[in-house]
There are 2 protein chains.
Amino acid sequence: MLKLFYTAHTCSLATHIALEEVGADYSSVRIDFGKTEQRSPEYLKVNPKGRVPALVTDRGILTETPAMLVFVAQSHPAAQLAAMDDPFAFAEMQAFNSYLCSSLHINHAHRMRGPRWVDAEDAHSIAAMQRKVPESVGACFDLIERDMLKGPWVMGERYTICDPYLFTLAQWLEADGVDPKRIPRVVDHRRRMSERTAVRKAIADELA
Amino acid sequence: MLKLFYTAHTCSLATHIALEEVGADYSSVRIDFGKTEQRSPEYLKVNPKGRVPALVTDRGILTETPAMLVFVAQSHPAAQLAAMDDPFAFAEMQAFNSYLCSSLHINHAHRMRGPRWVDAEDAHSIAAMQRKVPESVGACFDLIERDMLKGPWVMGERYTICDPYLFTLAQWLEADGVDPKRIPRVVDHRRRMSERTAVRKAIADELA
């Protein structure tokens, strides 16, 4: 059985949704950032990076959302969440998810995780990073809106592992200072995602 | 035929090496950052993100190194650069490459690309980011050295698409202020990589 380590309001929601979508046999374990459980000796044995998510499998522990999403899809092929036998289609999915993790999520992280990149005591630089977030996150969403979200789902007619990931990061756009009116297709995607049973179940589990 | 848009001394080298390793039928096109060709109207038609690398295929254009590396491997299966039929082994590879793009490369980028995250005129914050790079990049390399690089290749006995990517980012560690003595296994990997024919050929092409 799979075991997901997650924290509410983080990117672990993407994998949580995917597990629900495929009907996986899994349990979930909450890591409380308020108690810095992600840095506890116990959790560092699970994930030496001290972050969520992490997925315990019968072969070992996986981290990094793009990898975990493909793993969930590939080990539950009946759900058809990833076109793994089509190298170009699969690469398009991977490119989308890679952009989310290395551009959109990173830009977002400069609002709350500034001390990763400047000294925590440097209030000027921390504030400077925060001020840039509406622009840098907004630019990512503009690109997704205009060039990347095919519709109705990210990759077109078929729902894939790109959809829970975009939905998860789109949770934060208002708090990041991005006007939802400028990205109506992203916001419509988010609304349709929020109506899916798997999404409701994953969120209910995280917020219970 | 594939066509790779690259710039010397950037992460496009990883895909360049992979193309050489599999013996791909490809051509390469240099994008000159000195002339900001990555922002030219012509190149923005290739990659609206205005970055390298980009890979033109007969089905469309791909971006994002982790996606391109898998594409090169999957479309040249004889070279066996990715264990795509083993969900866990494939996820481990993906997790490694995802860590490189979203943690190691991002931390490195704070030395040269600070204006992505603070205003370009904010000299204090730009300098503050640069000062943190030895620590933040060093922490990534420490984790790779200790927990992730199995040896002799990243994933163990078999050379995979993780190897050219690690090699590419390891080019920059001295300039990032990381003491190579603290990561002897990474440095040994880099040395062995530099002796491979495919690596020499890709570098020679980029620096010609």
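All chains use their own residue numbering, which begins from 1 and follows the written sequence. Chains carry letters and ligands carry numbers; both start at the beginning, A for chains and 1 for ligands, and go up in the order they are written. Totals for whole chains, interfaces and linings use all residues, but because this is a predicted model, local features are given only for residues with pLDDT of at least 70 and pairs of side-chain atoms are given and counted only at 80 or more.

### Quick notes on the interface of chain A and chain B
For step 1, the next point in the chain: Each residue gets a C-beta atom placed from its backbone, and two residues are in contact if those atoms lie within 7 Å. Taken together, the 40 residues of chain A in the interface contact 40 residues of chain B.
For step 2, the next point in the chain: In this text, helices come from DSSP runs of H or I with a minimum length of four residues, and strands from runs of E with a minimum of two, each type numbered from the N-terminal end. Secondary structure elements with two or more residues in the side of chain A that touches chain B: β4 (60-63), α3 (65-74), α4 (87-112) and α5 (123-148) of chain A.
For step 3, the next point in the chain: Of the residues forming the side of chain A that touches chain B, the biggest block, 12 residues, is contributed by α4(A).
For step 4, the next point in the chain: Residue polarity is assigned by list, with Asp, Glu, Lys and Arg as charged and Ala, Val, Leu, Ile, Met, Phe, Trp, Tyr, Cys and Pro as nonpolar; anything else, Gly included, falls into the polar class. Per-class residue counts for the side of chain A that touches chain B are 20 nonpolar, 12 polar and 8 charged.

### Topic: the relation of the copies chain A and chain B
For step 1, the next point in the chain: Relative to chain B, chain A is turned by 180 degrees and slid 0.0 Å along the rotation axis, the superposed coordinates differing by an RMSD of 0.0 Å. In short, the pair behaves as if placed about a two-fold rotation axis.
For step 2, the next point in the chain: Of the interface residues in chain A, 100% have counterparts in chain B that sit at the interface too, so the contact is made through matching surfaces. The superposition of copies rests on a least-squares fit of C-alpha positions from residues with pLDDT of 70 or more in both.

### A word on the confidence of the model for chain A
For step 1, the next point in the chain: On a range of 0 to 100, pLDDT expresses the predictor's confidence in each residue. Per-residue confidence for chain A gives a mean pLDDT of 97, with 100% of residues at or over 70.
For step 2, the next point in the chain: Model confidence for the complex: the whole-complex pTM is 0.98, and ipTM, which rates the interface, is 0.97.

### Brief notes about the pairing of strand β2 (residues 26-30) of chain B
Residue and element names in this part refer to chain B.
For step 1, the next point in the chain: For strand β1 (residues 2-6) and β2, the ladder comprises 5 bridges, and the chain directions are parallel. Directly across from Lys3, in β2, lies its bridge partner Ser27.
For step 2, the next point in the chain: Here is how to tell: hold the view so the strands point away, follow the path from the first strand over the helix to the second, and if it runs clockwise the crossover is right-handed. With respect to chirality, the unit in which β1 leads through helix α1 (residues 12-21) into the neighbouring parallel β2 is right-handed. One requirement defines pairing of two strands: DSSP has to find at least two bridges between them.

### Brief notes about the domain arrangement of chain A
All names here are of chain A.
For step 1, the next point in the chain: Delimitation of the domains relies on an automatic or database domain assignment. Per the domain assignment, the segments making up chain A are domain 1 (2-80 + 200-207) and domain 2 (87-196).
For step 2, the next point in the chain: The interface of domain 1 with domain 2 comprises 11 residues on the first partner and 11 residues on the second.
For step 3, the next point in the chain: Secondary-structure elements contributing two or more residues to the side of domain 1 that touches domain 2 are α1 (12-21) and α3.
For step 4, the next point in the chain: The element contributing the most residues to the side of domain 1 that touches domain 2 is α3, with 5 residues.
For step 5, the next point in the chain: Residues of the side of domain 1 that touches domain 2, tallied by class, amount to 9 nonpolar, 1 polar and 1 charged.

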